[in-house]
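If you want the building blocks of each chain, they are given just below.
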Amino acid sequence: MPIATPEVYNEMLDRAKAGKFAYPAINVTSSQTLHAALRGFAEAESDGIIQISTGGAEFLGGQHNKDMVTGAVALAEFAHIVAKKYDVTVALHTDHCPKDKLDGYVRPLLAVSEERVGRGENPLFQSHMWDGSAETLADNLDIARELLARAAAAKIVLEVEITPTGGEEDGVTHEINDSLYTTVDDALRTAEALGLGEKGRYLLAASFGNVHGVYKPGNVVLRPDLLKDLNDGVAAKYGRPAGSKPFDFVFHGGSGSTEQEIRTALENGVVKMNIDTDTQYAFTRPVADHMFRNYDGVLKVDGEVGNKKTYDPRTWGKLAEAGMAARVVEACANLRSAGTRIK
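## Some thoughts on the pattern of salt bridges
It is possible for side chains of opposite charge to pair when their charged atoms get near one another.
And then number 1: Here the structure, examined in full by the defined rule, presents 21 salt bridges.
And then number 2: For Arg314, the salt bridge goes to Asp312, with nearest N and O atoms at 2.8 Å.
And then number 3: Residue class for Arg314 comes out exposed when judged on its relative accessible area of 56%.
And then number 4: For Asp312, a relative accessible area of 13% puts it in the buried group.
And then number 5: Counted as one network, the salt bridges with shared partners bring together Asp14, Lys17, Arg201 and Asp248.

## Quick word on unusual backbone geometry
And then number 1: At Glu45, a position not held by glycine, the phi torsion is positive, near 55°.
And then number 2: Assessed through its relative accessible area of 41%, Glu45 is described here as partly exposed.

## Details of the environment of Leu203
And then number 1: With respect to the helices, strands and loops of the structure, Leu203 is situated in strand S8 (residues 202-205).
And then number 2: A relative accessible area of 0% means that Leu203 is categorised as buried.
And then number 3: Residues Leu203 and Thr340 lie 137 residues apart in sequence; the distance between their C-alpha atoms is 21 Å.
And then number 4: Ignoring sequence-local partners within four residues, the contact set of Leu203 consists of Tyr9, Leu13, Val157, Leu158, Glu159, Val160, Asp248, Val250, Val271 and Lys272.

What counts and what doesn't
- Residues numbered from 1 in each chain as written.
- Predicted model: local features only at pLDDT ≥ 70, side-chain atom pairs only at ≥ 80, totals over all residues.
- Heavy atoms only, no water.
- Salt bridge = Lys/Arg side-chain N within 4 Å of Asp/Glu carboxyl O.
- Buried < 20%, exposed > 50% of the residue type's maximum accessible area, 1.4 Å probe, protein only.
- Helix = DSSP H or I, 4+ residues; strand = E, 2+ residues; numbered from the N terminus.
- Contact = heavy atoms within 4.5 Å.

Structure, rendered in structure tokens:
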């Protein structure tokens, strides 16, 4: 059962929250990066999450048509086959989808899973993300209500981003300012609109100073302790025990985070952490090294024939896979998911 069933995905999320660890959610853009992610999870003995952004899905759909749905469906179907060879369980997820791409991405993918569930099968994806952070919170939650109802009926978990994450992700840009911190009032409005599980399970990407992209530690002020305030505020409002964690939080924009910041986030209910920038670099760095070291082999310099063994994509592709897999192993260690796979 390498691809999680809806029941197993819920078990994975419950185990993460109870064990105070989180699953690395690795963005992939090809069959090769998919294998790198799966290999990393297997080597770390960690279950995990594989995710495809709108830009990744467009790339997977091919540059002739750039069809996001085709790209996402094709890789998901491929994953269902090849993941059987890895001794871990993974969930398939679609990453950031803003309002203008819902009709071309998440809604059609929900329809695919609705048809599958209607035939008695499992959904194709285990979760989808609605990124309404560019909208007003009222509009964001209105759309989230609609999507949550459809997702729950198809046995899918919805991820929502209620306030902005700074930086740029697939063309969506937010400034780095005080709006990057979710308030308790934002959390209360979310709970009122989406419930606390009775209307369907959802993951919450709250903002605590997160920024997408590349930055060095100290350049952005992260406040993962804020997540405790959000949970405490909602728990008090809804009569939950003190110290309970009503929300399943997602950590976005984690590149450059310190070990202590990650630990604090885990203690406060983060069950999923998105990792893309670091794994992109880990995939590309060995390729660049190979090209520089074998310049006269990968290029037909001065009329020579080059060296097929050095420009064969399999040669440098294996190095790329190994580099990215190693970064996934590191992520599993940082998030304390290593060695926790479901037996």
